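Architecture and fold: a report
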Amino acid sequence: MLTSFTERMKSYWTESLGLTDSNALNAGWQQLAQAICRCETNTLRWQVIQQPTGSGKTQALKVLCSIQNPIQHPGVLIVTKFREEANRLSEGINKLAEWNMARPFHQEAPGTNDQLAFAPVIITTHAAYRLALKEIADTGLTHKANRLLSYHGGKRGWVVIDEAFDWADTYSLLASNLRSMSGDLVRAMHGELRTAAEQLLDFSIRLTDTDHGRSDRVLDAECFDILACIDVNGLKAGVAGTSEDALAKSIEHRLATKTEPASRIERSSKKQYLDQLDQLQTIARIGHGWTSRRGGRTLLHGSRSLIGVDGMRGVILDATAGIDPAYAVMGHHVDVLPRPLGIRTYRNVTLHVSYGHKVGKEHLAHNAGREWATVWGDLSKRLSGKHILVCAHKDALPDIEQYGPKDGCVHFDNWGNLDGRNDWNRCEAAILFGLPYLDDIEPAQRFIAHQGQQSDEWFRGSRKYEEHADIRTALGDGFIARSVVQAINRIQCRNAIDAEGNCYPTSIYLLLPSGNTGMAVLRAIQQQMPGIQLAEWLSGATKRKARKVPTEIKLTNHFENADPGYYPKSEIVKTLQINPSSLERVTAKLRQQSSVLAGKLEAYGVRYHTQTGRGKEAYFIKQ
């Protein structure tokens, strides 16, 4: 079958699409076809295809589905990000097959159980597949999954997910909201349900009254035992059976507290209460949780992995898998297949980079108009007459769109709305105005979802995982990097124009912050787009003030590369140009052998020795 597929794909690629094929492209298509055809026998791991954008992954999938024997069709579920893409894929497969083999299934394209069960190819959305997986994880029921996976009385043989899928199912609850809700429920419920509401109030008080600064920590066993004993299901039934008016009366009699002053008491709804109880029940079902404190507010978190809950294994098409640490965290559930060499070269793409900028959402949401006026004033003449994609934070778009020309040459869209779309593949330039940072909660949630409960030491900073010194930071940087690479490849550089994989000349303008995150993004772009040309761009947009490097980081970086030997404390102060009192505070930690810093230095063969007495000085020894 691979031979007939390759011949059909080459014909479709060159004759129907008018594109140029190559040996490297053929190798990539064969890798994809082999991985998908192994779905029926592969019950161990998902196979991840990381071929670059523009290599025909989706086109190859359409051809492969269309050439299957109608009588012995394996049955295919394709999961794609957008409804529009599901519709286009269905139309494309049916056109190639010359009969209605495929059908989309989403809110705007419903189907009966029989229609779905006898359709050889079903194409649904990430959101629909996620709901099916959550139903299994929550209840063990498979109604939604069966609608997607059933085929002629059995199961579909192939499952293919187009674009990266978020397998982490995460939950975060504001402790003060739990506290106010449980207080309301104590007043509104009766009998055993009032007892359950009192237990929930006790639990939420423990969360809100714990003062641990800004640190994150594991939810202790005693606190979790209280949660596990609460009849949350009964409370959900009680709330569902209580009228909105009765709940409103309980809120009207709520007294203001330190954590919830009168000005912040709002009318809560039955829906909000049921949603909070649902999330709390899921965290209890997960079996572990953790808490964080940000801006004086305590949050309760829990997360779990959805990968494999339906018993299926298939293929994921993700061009940026090679730079996303999330796949490493999934461990034995996935195999990221090597990218065949020579499919693409990007020597006709120039990446103009300006360093040291403030590119976060919070800054640009308040300063977008002023910052964009500077950027656009610099670039408008350079890019005159070109079609341009501008990617920015959603909150910044209203302030920057007014500065663009009215001739339709500049297209604006936001982070989170780009991956997998081809709407801008004729644009000759892109401007990336801001970067899509995750908050520092989300990377921890994703790691814990796949790797299970972590220790307080992990939250305090001992987070080395495989080649990553700090996996929490690596997951955040990886998310930004893959988002940037995806955004760049929405424009014409995604289209190969010859057998070597070149594209038409393309210009990218990118504002980067100083420090490790900016460098991680730049390395990822160079890794994903071999041959890309770098050019310095001195944008006048606001730059970040240089931050002082913490003494701990200076110390560990120094000894990681230092030669073995004796290093007096005074020499370290002079060499690293650090404040003696700052070093004194750091060395106090080193006298505790269980400290994270002591562990890091010990890994480099470094020990700290104190000496007492006149004229004696403390020192470091590296073995």
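Residues numbered from 1 in each chain as written. Predicted model: local features only at pLDDT ≥ 70, side-chain atom pairs only at ≥ 80, totals over all residues. Heavy atoms only, no water.

Attention now goes to the overall build of the protein chain. Within the protein chain, the regular secondary structure consists of 24 helices and 22 strands. A compact globule built from 623 residues should have a C-alpha radius of gyration of about 25 Å, and the protein chain, at 28 Å, falls within 12% of that. In terms of overall dimensions, the protein chain has a C-alpha envelope of 85 × 70 × 55 Å along the principal axes. Expressed as a percentage of the 623 residues in the protein chain, the buried residues total 53%. When contacts within the protein chain are restricted to residue pairs at least 6 apart in sequence, those whose partners lie at least 24 apart make up 75%. Accessible surface, the protein chain: about 29000 Å² in total, of which carbon and sulfur atoms supply 48%. Computing the positive centroid from 75 side-chain charges and the negative centroid from 68, the protein chain places the two 4 Å apart. (Helix = DSSP H or I, 4+ residues; strand = E, 2+ residues; numbered from the N terminus. Rg over C-alpha atoms; globule rule 2.2 N^0.38 Å. Buried < 20%, exposed > 50% of the residue type's maximum accessible area, 1.4 Å probe, protein only. Contact = heavy atoms within 4.5 Å. Areas by Shrake-Rupley, 256 points an atom, 1.4 Å probe, with all protein chains shown as cover. Lys, Arg positive; Asp, Glu negative; His and termini not counted. Charge placed at Lys NZ, Arg CZ, Asp CG, Glu CD.)

Ranked by internal contacts, the top residues of the largest apolar core, which has 54 residues, are W372, I400, I431, F433, V484 and I525. Counting 35 residues, the second largest nonpolar core, distinct from the first, contains F5, I49, L61 and C65. (Core = buried A, V, L, I, M, F, W, Y, C linked by side-chain atoms within 4.5 Å.)

Across the sheet, which stays open at both edges, the seven strands sit in the order β3-β4-β2-β7-β12-β1-β13 with parallel pairing between neighbours. Of all strands in the sheet, those with a lone pairing partner are β3 (102-104) and β13 (334-336), marking the two edges. Between one strand axis and the next, the sheet turns by 20 degrees as a mean value, whatever way the strands run. For strand β2 (residues 76-80) and strand β7 (residues 158-162), the ladder comprises four bridges, and the chain directions are parallel. Within β7, the position partnered with L77 by the bridge is V159. The sheet strands contacting helix α2 (residues 23-37) are β1 (46-49), β7 and β12 (315-317), and the helix crosses β1 at an angle near 165 degrees. This element, helix α4 (residues 83-97), spans β2, β3 and β4 (121-125) of the sheet and lies at about 165 degrees to β3. (Pairing = 2+ DSSP bridges. Axes fitted to C-alpha atoms, helices over the stretch in contact; angles between N-to-C directions.)

Moving on, we come to the confidence of the model for the protein chain. Per-residue pLDDT for the protein chain averages 89, and the proportion of residues at 70 or more is 93%. Summarising per-element confidence for the protein chain, the mean pLDDT is lowest in helix α12 (residues 244-252) (74) and highest in β4 (98). Considering only residues more than four positions removed or in separate chains, one finds that residues 256-267, a stretch of pLDDT under 50, has 17 contacts. (pLDDT = per-residue confidence, 0-100.)

Let us now look at the sheet that holds strand β20 (residues 565-568). By definition, the strands of a sheet pair up through backbone hydrogen bonds, in either a parallel or an antiparallel sense. Read across the open sheet, the three strands follow the order β20-β22-β21; overall the sheet is antiparallel. Since the sheet does not close on itself, it has two edges, and those belong to β20 and β21 (606-609), each with one partner. For this sheet, the mean inter-axis angle between neighbouring strands, taken without regard to orientation, is 20 degrees. The pairing of β20 with strand β22 (residues 619-622) spans four bridges and is classified as antiparallel.

Mapped onto the elements of the fold, Q31 is located in helix α2. If we ignore the near neighbours within four places in the chain, the residues touching Q31 are I49, Q51, L337, P338 and P340.

Here we take up the packing of aromatic side chains. Under the defined criterion, the tally for this structure stands at 17 aromatic pairs. Each ring, one from W372 and one from F412, has its centre 6.3 Å from the other, and the planes form 70 degrees; the classification is edge-to-face. Of this pair, W372 sits in helix α15 (residues 361-379) while F412 sits in strand β16 (residues 410-414); the two residues are 40 residues apart in sequence, bridging distant segments of the chain. Each of the two residues, W372 as well as F412, counts as buried. With 5.0 Å between their ring centres and 45 degrees between their planes, Y566 and Y619 make a pair best called tilted. Within this pair, whereas Y566 is found in strand β20, its partner Y619 is found in strand β22, the two being separated by 53 residues in sequence. Of the residues examined, Y566 reaches a relative accessible area of 47% and is grouped as partly exposed. Here the aromatic residues W290, F447, W458, F459 and Y465 are joined through ring pairs into a cluster of three or more. Across the ring face of F82, the terminal group of R421 is positioned such that the distance to the ring centre comes to 6.0 Å. The ring of W458 carries the charged tip of R463 above its face, separated from the ring centre by 5.5 Å. (Phe/Tyr/Trp six-rings, centres within 6.5 Å; stacked < 30°, edge-to-face > 60°. Lys NZ or Arg CZ within 6 Å of the ring centre and 35° of its normal.)

It is worth spelling out the pairing of β22 at this point. Put simply, side chains in a regular strand alternate between the two faces of the sheet. Inspection of the sheet shows β21 paired to β22 by four bridges, in the antiparallel sense. In the strand pairing of β22, V606 is matched with K622.

Attention now moves to helix α6 (residues 126-139). In this model, α6 (14 residues) spans 20 Å end to end at C-alpha, consistent with the 20 Å of a helix rising 1.5 Å per residue. The set of residues buried in α6 consists of H126, Y129, A132, L133, E135 and I136. Where α6 is buried, its residues meet β1, β2, β4, α7 (143-149) and β7. Looking at the residues trailing α6, positive phi occurs at G140, about 80 degrees. (Expected span 1.5 Å × (residues − 1).)

Our focus in this paragraph is helix α23 (residues 580-590). Quick reminder: α-helices carry 3.6 residues per turn. Residues three or four places apart thus point the same way. Among all positions of α23, only S582, L583, V586, T587 and L590 are buried. All buried residues of α23 project into a common sector of 130 degrees when viewed along the axis, lining one side. For α23, the secondary structure elements touched by its buried residues are α21 (551-561), α22 (569-576), α24 (596-603), β21 and β22. (Arc of directions from axis to C-beta.)

We now examine unusual backbone geometry. With a phi angle near 50 degrees, H152 is a residue other than glycine that sits in the positive phi range. Note on placement: H152 falls in the loop between β5 (150-151) and β6 (154-155). Here the phi dihedral of Q577 falls at roughly 55 degrees; this positive angle occurs in a residue that is not glycine. Here Q577 shows up in the loop between α22 and α23.

Let's shift gears to the pattern of salt bridges. The full count for this structure, using the stated rule, is 27 salt bridges. Between D423 and R421 there is a salt bridge whose closest N-O contact spans 3.1 Å. Judged by its relative accessible area of 17%, R421 is buried. In this structure, E584 and K569 form a salt bridge, with 2.6 Å as the shortest nitrogen-oxygen distance. With E584 in helix α23 and K569 in helix α22, this pair connects stretches of sequence that are 15 residues apart. A residue is classified by how much of its surface remains accessible, and E584, at 38% relative accessible area, is partly exposed. Salt bridges linked by common partners bring R130, K134, D138, D169, R285 and R304 together as one network. (Salt bridge = Lys/Arg side-chain N within 4 Å of Asp/Glu carboxyl O.)

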